[in-house]
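# Structural overview for review
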Amino acid sequence: MNTFTTWKELSKGDDDEVVLAVDFDATGRHEARFSDFVPLMDPGHTVLETLPQAVASSPDTPAGAYIKQWADEIAASGKRVRAILAFCAGATYAAALAEEIEKTQGTFPQTILFDPERAASAPMYWQFHKAVGQMEAVLGAAEVGRVQDAAQRATEECESLTDLARRLLLLYHSLATTACEKLGLDERRRAEMTETAGGFLSYLSTAEQIDPTAVWKKCTAITSNTPTSGLNGFRTLNPGHDADLVAEEIHFDVPHVEILSTPDIARTVSGLLAG
């Protein structure tokens with residue numbers, strides 16, 4: 001029996017092949033998850049989802065540390081990778097992971113990206129904005145808004161995503177501490193909140209080290225109708241650079257937050273995996 005420390009099993013099917021799902025799952029997120037998506041797919045696949053929190057929670061973690069631990073555990077399991085699925089910023093890691101899998105298997109695994117995004121300060125700020133916004137009911141709009149404004153200034157001042165991640169984590173820690181005190185939460189709960197936030201910011205900032213451009217051209221993208229998400233957002237920020245981003249792009253008239261909970265998308269992905 002294989003014991004994974006950097007992967008979580010979402011479904012069990014074929015004993016010889018696995019489908020890998022790259023994402024940072026966390027309690028309380030607004031977006032649908034792969035745990036919502038996998039039950040909508042055709043059965044028969046063993047699906048393993050990344051656990052970035054088990055790899056590192058520091059903005060100084062090299063991208064190779066994520067990829068090496070994930071790939072090494074799969075190689076040690078003896079299972080062949082049937083396909084890789086990836087959500088949002090996970091698509092950047094998926095590019096590096098697909099290349100690593102290709103080295104060991106000899107073939108490039110089918111890779112499907114859901115609203116793929118490259119590492120950038122704007123998406124990092126937006127994720128931070130949403131995370132601290134959840135504390136508004138406890139702390140009030142003025143206090144949360146002050147921190148969000150400080151985070152916006154940090155995106156303008158920081159020269160790298162690593163520096164930005166550190167600044168945002170300090171802001172988050174301060175606000176979360178105040179919120180926990182008002183709610184009467186203990187030190188364990190405070191540490192848990194900060195650890196999750198630190199892990200996620202590390203996950204976003206570390207992706208800056210990976211250039212997925214060439215690999216994405218071998219992949220299929222599932223694109224939502226949200227203008228600021230995935231390839232839609234890239235095209236908005238980079239007018240005139242909308243060709244050849246991926247090998248194939250399939251559009252769905254659903255918002256970004258529902259891309260992993262839409263049955264039509266699951267049926268399409270199941271068809272792609274069936275070949």
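Before reading further, recall that the structure is shown in the block above.
About the criteria used
- Residues numbered from 1 in each chain as written.
- Predicted model: local features only at pLDDT ≥ 70, side-chain atom pairs only at ≥ 80, totals over all residues.
- Heavy atoms only, no water.
- Helix = DSSP H or I, 4+ residues; strand = E, 2+ residues; numbered from the N terminus.
- Contact = heavy atoms within 4.5 Å.
- Axes fitted to C-alpha atoms, helices over the stretch in contact; angles between N-to-C directions.
- Parallel < 35°, antiparallel > 145°, perpendicular 65-115°, else oblique.
- Nonpolar A, V, L, I, M, F, W, Y, C, P; charged D, E, K, R; others polar.
- Core = buried A, V, L, I, M, F, W, Y, C linked by side-chain atoms within 4.5 Å.
- Buried < 20%, exposed > 50% of the residue type's maximum accessible area, 1.4 Å probe, protein only.
- Salt bridge = Lys/Arg side-chain N within 4 Å of Asp/Glu carboxyl O.
- Expected span 1.5 Å × (residues − 1).
- Arc of directions from axis to C-beta.

## Quick notes on the side chain of E117
- With respect to the helices and strands, E117 occurs in the loop between strand 5 (110–114) and helix 4 (121–133).
- The residues contacting E117, other than those within four sequence positions of it, are C88, A89, A91, T92, P123, W216, T228, S229 and G230.

## Some remarks on the packing of helix 4 against helix 6 (residues 141–157)
- Their axes nearest at 10 Å, the elements helix 4 and helix 6 cross at an angle of 170 degrees. What the angle tells us is that helix 4 and helix 6 run roughly antiparallel. Packed against helix 4, whose contacting residues are S121, Y125, F128, H129, V132 and G133, the element helix 6 presents V144, V147, Q148, A151, Q152 and T155 at the interface.
- Here the contact of helix 4 with helix 6 is built from residues that sort into six nonpolar, six polar and no charged.

## As for the nonpolar core
- The biggest cluster of nonpolar side chains holds 61 residues, and the ones touching the most others in it are W70 and L97.
- Sequence-distant contacts of L97, defined by excluding residues within four places in its chain, comprise W7, L20, V22, I67, W70, A71 and I84.
- F37, V38, C88 and I265 belong to the second-largest nonpolar core, a separate cluster that totals 24 residues.

## Points about the pattern of salt bridges
- Here the structure, examined in full by the defined rule, presents 13 salt bridges.
- A salt bridge links K68 to D72; the nearest nitrogen and oxygen atoms lie 2.8 Å apart. Of this pair, K68 and D72 both sit in helix 2 (residues 63–77), four residues apart, which is roughly one turn of the helix.

## Overview of helix 2
- Between its terminal C-alpha atoms helix 2 stretches 22 Å, which fits the 21 Å expected from 15 residues at 1.5 Å a residue.
- For helix 2, every residue scored as buried is listed here: A63, Y66, I67, W70, A71, E73, I74 and S77. For helix 2, the angular spread of buried residues about the axis comes to 155 degrees, placing them on one side. Helix 2 presents K68, A75 and A76 as exposed residues on the side facing more than 90 degrees away from its buried surface.
- Considering only its buried residues, helix 2 is in contact with strand 1 (7–11), strand 2 (17–22), strand 3 (47–50), strand 4 (80–87), helix 3 (90–105) and helix 8 (187–206).

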